[in-house]
Amino acid sequence: MLDLRRLRLLRELDARGTVHGAARALGYTPSAISQQLAVLEREAGTKLLERAGRNVQLTEAGHALVRHAAVLLDGLEAAEAEVSAIAAGRPAGVVRVSAFQSAFLRIAAPAVAALAHSHPDVRVEVTEAEVEEAVPALRLRQLDAVIGDEYSGQPRPVHKDLTRELLVREQIRLVLPESHPLAAHDRVAMPDLADARWAACQPGTGHREMQIRACRELGGFEPDLRYSSDDFLILVEMVRTTGACALLPDLVLDYGIPGVAIRPLTQNTLTREVYLLTRTPKTPAIQAVTAALHTTTPTSPAS
């Protein structure tokens, strides 16, 4: 008889590529993972892993078992959710959600508050995470829903096994100090910011790539990037206190921030989509959370 917990380990190894990667993701030691996989091989009656240099890779039988494991784990998840819902007489169970910072504050937190009243038997666990690290966890059933973002002209990878739903399409706006001469304008042209200092997210992030691309394509200059943080509120504070500029989406800016001016660009082509990723089919509890996230998402103001 195959053990589902060990099947989950095999699937994690397939997704992570190494025993150490699977161990880190699951909070086990590498030796514990190896021992459990050895037991799984005995249960299966055939080799599931083979050496590939200093790592291991799945055999044909191992890959076949991973494919079946996905079906079995989906069925187990659905069964647990259905039993919980029957026992409670309404949607019930744990739903694990990840969101990046501004979506956590403006979408996930209000949804959790609303669900506490509308669906008290649904326990929502929310983690702050960027979409790059959250999507693998969603596909491995460590998360049930992921709130992600995508800047215009920078499409994210498409995952056929996941369902994507648009939550909001928002504008990217210029944030500059109230004392800046261009703050007196209703709209600002990017070429006028060639001498500005800039604050942006860390290298390798979608936001930083968007801001560099906007400066190059819309302004015709290379930005002077002096301040880096993946915390949007820190970027706003750097604008307020140092005189830097930043390009930020509406979800970040709808707070009435003192000391800064928020202006649209004359070349109003920069947008960001905030979306929800889930697996299919959805349990009743995940359906309830999805509906709440749609309901609590603020609409982007007109340009």
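This is a predicted model, so every value here is computed, not measured.

A. Spotlight on the overall build of the protein. Counting secondary structure elements, the protein contains ten helices and eleven strands. For the C-alpha atoms alone, the extent of the protein along its principal axes is close to 75 × 55 × 30 Å. By the burial criterion, 46% of the 303 residues in the protein qualify as buried. Considering only residue pairs separated by 6 or more positions, the protein has 76% of its internal contacts joining residues 24 or more positions apart. By element, 52% of the accessible surface of the protein is carried by carbon and sulfur atoms, the whole surface being about 14,900 Å². Charge centroids of the protein, computed over 33 positive and 37 negative side chains, lie 4 Å from each other.

B. Inspection of helix H10 (residues 284-296) at higher detail. Across its 13 residues, H10 extends 19 Å between first and last C-alpha, which sits within 8% of the 18 Å expected from 1.5 Å per residue. All buried positions along H10 are accounted for by Ala 285, Ile 286, Ala 288, Val 289, Thr 290, Ala 292, Leu 293 and Thr 296. Buried residues along H10 sit against strand S3 (93-99), helix H5 (101-118), strand S4 (122-128), strand S5 (145-151), strand S6 (162-177) and strand S11 (271-279).

C. Representation of the environment of Arg 156 in the model. Relative to the assigned elements, Arg 156 resides in the loop between S5 and S6. Once the C-alpha coordinates of Arg 156 and Glu 132 are considered, the two residues, 24 residues apart in sequence, prove to be 9.3 Å apart. Residues in contact with Arg 156, not counting those within four places in the same chain, are Val 131, Glu 132, Asp 149, Glu 150, Arg 164 and Tyr 275. A polar side-chain atom of Arg 156 sits 2.8 Å from the main-chain carbonyl oxygen of Asp 149.

D. Main features of the nonpolar core. With 34 residues, the main nonpolar core has Leu 174, Met 190, Leu 193, Trp 198, Leu 247 and Leu 248 as its most contacted residues. Contributions of two or more residues to this core are made by S6, strand S7 (197-200), helix H7 (206-219), helix H8 (232-242), strand S9 (246-249), helix H9 (250-253) and strand S10 (260-263). Residues contacting Leu 247, with those up to four places away along its chain left out, are Ile 172, Arg 173, Leu 174, Trp 198, His 207, Met 210, Gln 211, Ala 214, Leu 265 and Leu 270. Counting residues in each nonpolar core, the second largest holds 24 residues, with Ala 99, Ala 145, Ile 286 and Ala 292 among its members.

E. Summary view of the pairing of S7. As defined by bridge partners, S7 adjoins strand S8 (residues 224-228) across four bridges and the pair is classed as parallel. In the sheet register, Ala 199 faces S8, and the bridge partner there is Tyr 227. Note on the crossover from S7 through H7 to S8: the handedness is right-handed.

F. Just the packing of aromatic side chains, in detail. Going through the model one piece at a time under the given rule, you end up with one aromatic pair. Above the face of the Tyr 275 ring, Arg 164 is positioned so that its terminal group lies 3.9 Å from the ring centre.

G. Spatial organisation of the pattern of salt bridges. Following the criterion strictly, the structure yields 18 salt bridges and no others. The partner of Glu 125 in a salt bridge is Arg 123, and the shortest N-O contact between them spans 2.8 Å. Note on Glu 125: relative accessible area 31%, which makes it partly exposed. The residue Arg 213 makes a salt bridge to Glu 217 at a minimum N-O spacing of 3.8 Å. One end of the pair, Arg 213, and the other, Glu 217, are both in helix H7, four residues apart, so they sit about a helical turn from each other. If you follow the salt bridges from partner to partner, you end up with Glu 132, Asp 149, Arg 156, Glu 170 and Arg 272 in one network.

What counts and how
- Residues numbered from 1 in each chain as written.
- Predicted model: local features only at pLDDT ≥ 70, side-chain atom pairs only at ≥ 80, totals over all residues.
- Heavy atoms only, no water.
- Helix = DSSP H or I, 4+ residues; strand = E, 2+ residues; numbered from the N terminus.
- Buried < 20%, exposed > 50% of the residue type's maximum accessible area, 1.4 Å probe, protein only.
- Contact = heavy atoms within 4.5 Å.
- Areas by Shrake-Rupley, 256 points an atom, 1.4 Å probe, with all protein chains shown as cover.
- Lys, Arg positive; Asp, Glu negative; His and termini not counted.
- Charge placed at Lys NZ, Arg CZ, Asp CG, Glu CD.
- Expected span 1.5 Å × (residues − 1).
- Polar contact = N/O pair within 3.5 Å; in protein donor to acceptor, adjacent residues only side chain to side chain.
- Core = buried A, V, L, I, M, F, W, Y, C linked by side-chain atoms within 4.5 Å.
- Pairing = 2+ DSSP bridges.
- Right-handed = clockwise from strand over helix to strand, strands pointing away.
- Phe/Tyr/Trp six-rings, centres within 6.5 Å; stacked < 30°, edge-to-face > 60°.
- Lys NZ or Arg CZ within 6 Å of the ring centre and 35° of its normal.
- Salt bridge = Lys/Arg side-chain N within 4 Å of Asp/Glu carboxyl O.

The values reported here are purely geometric and, on their own, carry no functional implication.
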